[in-house]
Every structure is written in structure tokens, then in C-alpha cells.
Amino acid sequence: MESKDLFQIGEVARMFHLSVSSLRHYEAMGLLVPEVTDPETGYRYYSTRQFEPLNTIRYLRALDMPLNEIADFLQNRDLDKMEEKLQQQKEIVIKREQELKRIERKIGNRLNQLKNARNSVLDVIALTTAMACRLVWMEDNLTIKEFVDMETPIRKLEQKQKEALIFLGKVGVGIAAEQLLKGQFQQYNGIFLLLDEEDQYDGTVIHLQETPCVSVRFRGSHKEAPAQYEKLMNYIQEHNLKVAGFSREITMIDYGLTNDTEKFVTEISIPVKVS
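Within each chain, residues carry numbers counting from 1 in the order of the written sequence. A pLDDT threshold of at least 70 governs which residues receive local features in this predicted model, and a stricter bar of 80 or more applies before side-chain atom pairs are shown or counted, although totals over entire chains, interfaces and linings include all residues. The side-chain quantities take in all heavy atoms of the structure and omit both hydrogens and water.

J.: Which residues make up the nonpolar core, and what are the values?
T.: Buried Ala, Val, Leu, Ile, Met, Phe, Trp, Tyr and Cys residues that are joined via side-chain atoms within 4.5 Å together make up what is termed a nonpolar core. Per-residue accessibility, obtained with a 1.4 Å probe over protein chains only, is compared with the maximum for each type, and a residue is labelled buried under 20%, exposed over 50%, and partly exposed between these values. L180, Y188, I191, Y229, I236, I268 and I270 are the most contacted members of the largest nonpolar core, which has 32 residues in total. A run of DSSP states H or I qualifies as a helix once it reaches four residues; a run of E qualifies as a strand once it reaches two. Both are numbered from the N-terminal end. Sort the elements by how many residues they give to this core and helix α8 (residues 225–238) lands first, with six residues. The contact partners of I268, leaving out residues within four places of it in the chain, are V214, S215, V216, F218, A225, Q228, Y229, L232, R248 and E249. Counting residues in each nonpolar core, the second largest holds 22 residues, with I9, F51, I57 and A71 among its members. Two residues form a contact once any of their heavy atoms are found within 4.5 Å.

In C-alpha cells:
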């Protein structure tokens, strides 16, 4: 079957820079059915009058409009309908752009945190300032000897969240002030999620004010933390300070970033006030 007004599916695919499978998919969805299908060979032929709707499909797909929306427009061609579809798609694109900007900021945060951790001054206790922050706290008595001991409480924090916690802020653990004063550093009283500015968490969020802290960074993870707590509490006593809240212990570099335990960095901060 040959005609100067009919073109085989492969020819049409090449002319419009599409794949043959895309044209077959458009046919299956009823978007663009070939003008003629040879009953003997099954070859599909498109006519020149189908080029305009095909170009419309390609244009709307370039705008990332879903095929079902394109099908709705093609079946109900109308100027108002096209304006409505384009406006809807514009709103979708704006929303997606905002989400990509948020992801860009999240990546920037992680890069800054990683750079900060890799440039850490280790084993030096210092009086620092913890910036105001938003934090999710969940009480839970935890004994952490290996990184897998964190998994169950993390899953509890993650319940009913739209995003995985690996994408939401940074997870840490804390010891209550009463327990710190008793010198009990082997068990944690809770797990927390330190939220980034753009994070959205479905649940109770605590707002902590800027506060002075006694802090230390060291090579290792939670298993090495008790000895560091002892040093911090000795520093607090020697400098006439008072513990003013639960500790904030965060592994800045851990198994989530590397299998090399020699590169692990953990930070412990204890809020204090002058006695």
C-alpha cells in the first residue's frame, strides 16, 4: 500500500523525532490512531492530516502534560479548554520547581554538614552556642552498642511521614539532665530529629532557643560516647556551669556515609548555664 499522502510508522517516528513504541502507545491510548492499517501485513500508515494533532501531542508532552490530559483536550478541542490545560500545567511546573529548589537546599545543607564534619577539631572541649532549632523528640530508653540498634527507634520516628528520615534533618540521641548529673552515660532517654528550615514533619515539633553548650567532637560513634560524657561533665563542674537540658549527640559521619569507622565523627553538646 503506497500513497504520497500516507507514511509508514517508522517514517513518521523519524520525522517527529519519536520512537515507534511511543506512536504505538499513543494508538493504544486512542490519542492518535493510524489512518490505515493493512489487514494482511499489519503495517500502520499515517496521513498528513494527522501531523497537526501529532505535533500538538509532542508540544504538550514537552510541557510534561500527562497523556490522559492530552487525550481529554484532543477529544474536546476548544480554546478555553487549551487555556485551562496550560494554566493547570503551569501550576504543576511551578510546584515542581519549588520542590526542586527545596531539594537543592537540602543537598546544600548536607554538603555543608559533611564539610563541617570533615574539618572538625577533635577531642577539644569548648563552650559553644547551639543555634535556635526545631526538633522532634521521642522518649525511649535506648542502649546503643551498634548502629543497627538505632533502626527500630528511627522507624518509629518515621511513621506516618511522607519522606524518609534520611531526607529529613539529622537523627540524634540524648541523655536527660538528671541522668547526666548521676553520671549514667550508658543509656539514652530519647531519640530526636533535628529539622532543617524547610523540613515539614507531621507531628509534635519542639522549638528550642539559642543556648550555650559545652561540646566536643571525637572520632567514633555512640559506643565511644560514655568516656566523652565523663570529660564533658568534668569540664562543666570545673568551670562552675550547670547542666540546663538533655544532651544532643549526633553522629556527623557514620555508616550512612562510609564503612570506614576510622572516619566516623560524633558530636556531643550539653546545654549549660552559669551557676
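J.: Break down the packing of aromatic side chains for me, with residues and values.
T.: In summary, the pairing rule links any two rings of Phe, Tyr or Trp, Trp by its six-membered ring, whose centres are within 6.5 Å, and it sorts them by plane angle into stacked for under 30 degrees, edge-to-face for over 60 and tilted for everything else. Applying the stated criterion across every chain, the model contains six aromatic pairs. A ring pair is formed by F7 and F51, whose centres lie 5.4 Å apart and whose planes are at 45°; its orientation type is tilted. With F7 in strand β1 (residues 6–8) and F51 in helix α3 (residues 51–62), the pair connects residues that are 44 residues apart, well separated along the chain. Like F51, F7 is buried. Grouped by ring-pair contacts, the aromatic residues F7, F16 and F51 constitute a single cluster.

J.: Can you break down helix α4 (residues 67–75) residue by residue, with the values?
T.: Among all positions in α4, only L67, I70, A71, F73 and L74 are buried. Down the axis, α4 shows its buried residues gathered within 165° of arc, on one side only. Its buried side turned inward, α4 meets α2 (20–28), α3 and α5 (79–118). Relevant arc is that of directions from the helix axis to the C-beta atoms, nothing else.

J.: Account for a negative patch on the surface, naming residues and giving values.
T.: A grouping of D78, D80, E83 and E84 is seen on the molecular surface, where their side chains present a negatively charged patch. When you line up the elements, D80 lands in helix α5. The class for D80 is exposed, based on a relative accessible area of 54%. Surface patches are drawn from residues lacking salt bridges whose relative accessible area is over 30%; two like charges belong together within 9 Å, two nonpolar side chains (Val, Leu, Ile, Met, Phe, Trp, Tyr) within 5 Å. Throughout, the Shrake-Rupley method with a 1.4 Å probe supplies accessible areas, and for residues the shown protein chains are the sole cover considered. By salt bridge we mean one thing: a side-chain nitrogen of Lys or Arg within 4 Å of a carboxyl oxygen of Asp or Glu. Only four residue types enter the tally: Lys and Arg on the positive side, Asp and Glu on the negative side; His and the chain ends are excluded. The atom standing in for a charge is NZ when the residue is Lys, CZ when it is Arg, CG when it is Asp and CD when it is Glu.

J.: Before we move on, could you go through the packing of α3 against α4 and cite the residues and values that matter?
T.: To obtain each axis, a line is fitted to C-alpha atoms, and for helices this fit is confined to the stretch in contact; angles are then taken between N-to-C directions over 0 to 180 degrees. Where α3 contacts α4, the two axes come as close as 10 Å, and the packing angle between them is 140°. In terms of their interaxial angle, α3 and α4 are classed as oblique. Read as a crossing pair, α3 and α4 show a hand that is right-handed. Contact residues: α3 offers T56, I57, L60 and R61, while α4 offers L67, I70, F73 and L74. Three residue categories are used. Nonpolar comprises Ala, Val, Leu, Ile, Met, Phe, Trp, Tyr, Cys and Pro, charged comprises Asp, Glu, Lys and Arg, and polar comprises the others, including Gly. Counted by class, the contact of α3 with α4 contains six nonpolar, one polar and one charged residues. Any angle that is under 35 degrees is reported as roughly parallel, and any over 145 degrees as roughly antiparallel; angles of 65 to 115 degrees are reported as roughly perpendicular and all others as oblique. Take the far helix as your reference; a near helix turned counterclockwise from it by less than a right angle gives a left-handed crossing, and one turned clockwise gives a right-handed crossing.

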